[in-house]
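Take a look at the letters that make up each chain.
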Amino acid sequence: MKTIRNVTFLFLAVVASATALLAKPIPGPKGGKIVTTEAPHVELFVAPDRTVVVSFYDHDLKLVAPAAQIVSAVAEAKGGKVNLTFAAKEGTLVSSSPLPEGDGYRVVLQVKDNAQARPKNYRIELHDEVCGECKRAEYACICDDAGGDKHDH
Ligand SMILES: [Zn+2]
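Just so it is clear, the model here is predicted, and its values are computed rather than measured. (Residues numbered from 1 in each chain as written. Predicted model: local features only at pLDDT ≥ 70, side-chain atom pairs only at ≥ 80, totals over all residues.)

Enquirer: Looking at this model, I keep getting lost on the overall build of the protein. Mind explaining?
Expert: Scanning the protein for helices and strands turns up 1 helix and 9 strands. Looking at the protein as a whole, 23% of its 153 residues qualify as buried. For the protein, the share of sequence-separated contacts (at least 6 apart) that also reach a separation of at least 24 residues comes to 37%. (Helix = DSSP H or I, 4+ residues; strand = E, 2+ residues; numbered from the N terminus. Buried ≥ 20, exposed ≤ 12 C-beta atoms within 10 Å, placed from the backbone. Contact = placed C-beta atoms within 7 Å.)

Enquirer: Explanation requested: the environment of P25 in the structure shown.
Expert: Structurally, the position occupied by P25 is in the loop between α1 (2-23) and β1 (33-34). Of the residues examined, P25 has 16 C-beta atoms within 10 Å and is grouped as partly exposed. For P25 and V35, which are 10 residues apart along the polypeptide, the C-alpha to C-alpha distance reads 8.9 Å.

Enquirer: Teacher, can you tell me more about the nonpolar core here?
Expert: The tendency in soluble globular proteins is for nonpolar side chains to be buried side by side. Core analysis: the biggest nonpolar cluster contains 25 residues, and V52, V54 and L109 have the highest contact counts within it. Sorting the residues of this core by element identifies β2 (41-46), β3 (52-57), β5 (70-77), β6 (80-89), β8 (105-112) and β9 (120-126) as the ones contributing at least two each. The element contributing the most residues to this core is β3, with 5 residues. The residues contacting V54, other than those within four sequence positions of it, are V42, E43, L44, V71, F86, T92 and L93. (Core = buried A, V, L, I, M, F, W, Y, C linked by C-beta atoms within 7 Å.)

Enquirer: Looking at this model, I keep getting lost on the pairing of β5. Mind explaining?
Expert: Residues in a regular strand point their side chains to alternate faces of the sheet. Judged from the 7 bridges that link them, β5 and β8 form a sheet pairing that is antiparallel. By the bridge assignment, S72 is partnered in β8 with Q110. The pairing of β5 with β6 spans 6 bridges and is classified as antiparallel. Following the sheet pairing, E76 is matched in β6 by K81. In this structure, the hairpin formed by β5 and β6 is closed by a connection of 2 residues. (Pairing = 2+ DSSP bridges.)

Enquirer: How should unusual backbone geometry be read in this particular structure?
Expert: Here A39 and P40 are connected by a cis peptide whose omega angle stands at -5°. Mapped onto the elements, P40 comes out in the loop between β1 and β2. We note that R50 has phi near 70°; this positive angle belongs to a residue other than glycine. The residue R50 is located in the loop between β2 and β3 in this model. In this structure, L61 is a non-glycine residue whose phi angle is positive, near 60°. Residue position: L61 is located in the loop between β3 and β4 (63-64).

Here it is as structure tokens:
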């Protein structure tokens, strides 16, 4: 019996540390959210005019101009879903229309490395308010959740 209990404990410890590793947020250089865990990185940034700016970065977070990538997004706003298309602009991809009014809704970002590639979907909970701790928009907050009681993600 004792052995079984120890094995269970070990398993839980491994799962916990793996989660902590994955959860470590990377600060987006433009102030947005890095949605990837490995390079090439993808950042979603909501500009002041509420257009969505998608940037690509290498391992050292150096901006890489988009090549064949195809990006689209769906804003699951309270008033209904809105599809966003993107066009290249100044080394990034910018949505051709702004996000719908309000916040507290989900944005699903779809990235294809090229026209033939399998799409990868990233879900971002959009929150406009600024985090008191890291001073970034809440959706792009980089505070370590282990820190405690600040906010619910
Ligand atoms: Zn924060």
